[in-house]
Amino acid sequence: MSADLVLMRCEARNLKLTTKGCARLYEAAQNRTPDPWESTAPCKFCPIGAAHAGKTVPPMAKAVSDLRNVCPRCLRTGARLIKGHHCVSCYNRAREADVGRNRKGNRPALSDALHTEVLTVANGPDVVIQVSSKVATRVEAIMAMAKAANGPLAFGLAPLFAA
């Protein structure tokens, strides 16, 4: 059996393919950035595909790519995000909460959960107080800020009063 016909297991895509095929898929994902729901999306920042293609991938690139495709409210990955923020389901629930009633005419449960979060955010040398309104949890506020960030962040609770 030749070296070209050796099959490998791709866990990200749940398939078996040759190393040349893996490199070809990696190169295709580099030439045209796939949408999160496309089959080549996991190939974009795959270190194994990069190694087969003779390239290197920065270690943080995959983490940043994965974060961009997460809905901050429900934390589902790979979902289509409306305006880059909420998945379709969470967007619909937020609209119901804004209107004050759901399709059945009842008050949505999300209306009671939405509140404002105030966090201290350290972005490099800068430390600012960030206010996020209409969030269901503190995690949602943190995820939304992390998605918008260009670098590493650190979070803390904001002081209750300013001196």
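Because the structure is predicted, anything quoted here is derived from the model rather than measured.

Student: Which residues make up the overall build of the protein chain, and what are the values?
Tutor: Within the protein chain, the secondary structure is distributed over 6 helices and 7 strands. Reading the secondary structure of the protein chain in the N-to-C direction produces β-β-α-α-α-β-β-α-α-β-β-α-β. Considering only contacts within the protein chain whose residues lie at least 6 apart along the sequence, 36% involve residues at least 24 apart. With an accessible surface of roughly 10,800 Å², the protein chain has 57% of that area assigned to carbon and sulfur atoms.

Student: Help me get a handle on the state of the cysteines, residues and values and all.
Tutor: Per the counting criterion, the structure on display carries 0 disulfides. In this structure C22 is a free cysteine whose sulfur lies 5.5 Å from that of C46, the closest cysteine sulfur available. Residue classification places C46 among the buried residues on the basis of a relative accessible area of 18%.

Student: Provide a residue-level description of helix α1 (residues 19–31), including the pertinent values.
Tutor: For an α-helix, 3.6 residues make a turn, and residues three or four places apart therefore share a direction. Compared with the 18 Å implied by 1.5 Å per residue over 13 residues, the 19 Å span of α1 between its first and last C-alpha is a close match. Among all positions in α1, only G21, C22, A23, L25, Y26 and A29 are buried.

Student: Explain the packing of aromatic side chains residue by residue, including any values.
Tutor: Applying the stated rule across the entire model yields 0 aromatic pairs. Its guanidinium or amino end placed over the ring of F45, K44 lies 6.0 Å from that ring's centre, counting from NZ or CZ.

Student: I'd like to hear about unusual backbone geometry, residue by residue, with values.
Tutor: Negative phi characterises most residues that are not glycine, and trans characterises most peptide bonds. Here the phi dihedral of N14 falls at roughly 60°; this positive angle occurs in a residue that is not glycine. If you trace the backbone, N14 turns up in the loop between β1 (7–10) and β2 (15–18). For N14, a relative accessible area of 55% corresponds to the exposed category. Positive phi outside glycine occurs at L75, with the angle close to 65°.

Student: A description of helix α4 (residues 88–99) should follow, citing residues and the corresponding values.
Tutor: If you check α4, its first and last C-alpha atoms are 17 Å apart, about what 12 residues at 1.5 Å a residue would give, namely 16 Å. For α4, the complete set of buried residues consists of C90, A94, E96 and A97. Down the axis of α4, the buried side of the element spans an arc of 160°, and every buried residue falls inside it. Turned more than 90 degrees off the buried face of α4, the exposed positions are D98 and V99. Those residues of α4 hidden inside the fold are in contact with β4 (86–87) and α5 (110–113). In the stretch just after α4, G100 is the one whose phi turns positive, near 95°.

Student: Help me get a handle on the environment of G124, residues and values and all.
Tutor: Here G124 lies in the loop between β5 (115–123) and β6 (126–135). Between the C-alpha atoms of G124 and A154, which are 30 residues apart in sequence, the distance is 8.6 Å.

Student: Now, about the side chain of E117: what can you tell me, with residues and values included?
Tutor: In this fold, E117 is placed in strand β5. Classification of E117 by relative accessible area gives buried; the value is 9%. A polar side-chain atom of E117 sits 2.8 Å from a polar atom in the side chain of H115. Polar side-chain contacts of E117 include one of 3.2 Å to the side chain of R138. The residues contacting E117, other than those within four sequence positions of it, are Q130, V131, S132, V135, T137, R138 and A141.

Student: Tell me what's going on with the confidence of the model for the protein chain, and back it up with residues and numbers.
Tutor: For the protein chain, the average pLDDT comes to 83, and 88% of its residues sit at 70 or higher. Of all secondary-structure elements in the protein chain, the lowest mean pLDDT belongs to helix α3 (residues 59–68), at 62, while α4 reaches the highest, 92.

The rules behind the values
- Residues numbered from 1 in each chain as written.
- Predicted model: local features only at pLDDT ≥ 70, side-chain atom pairs only at ≥ 80, totals over all residues.
- Heavy atoms only, no water.
- Helix = DSSP H or I, 4+ residues; strand = E, 2+ residues; numbered from the N terminus.
- Contact = heavy atoms within 4.5 Å.
- Areas by Shrake-Rupley, 256 points an atom, 1.4 Å probe, with all protein chains shown as cover.
- Disulfide = S-S within 2.5 Å.
- Buried < 20%, exposed > 50% of the residue type's maximum accessible area, 1.4 Å probe, protein only.
- Expected span 1.5 Å × (residues − 1).
- Phe/Tyr/Trp six-rings, centres within 6.5 Å; stacked < 30°, edge-to-face > 60°.
- Lys NZ or Arg CZ within 6 Å of the ring centre and 35° of its normal.
- Arc of directions from axis to C-beta.
- Polar contact = N/O pair within 3.5 Å; in protein donor to acceptor, adjacent residues only side chain to side chain.
- pLDDT = per-residue confidence, 0-100.

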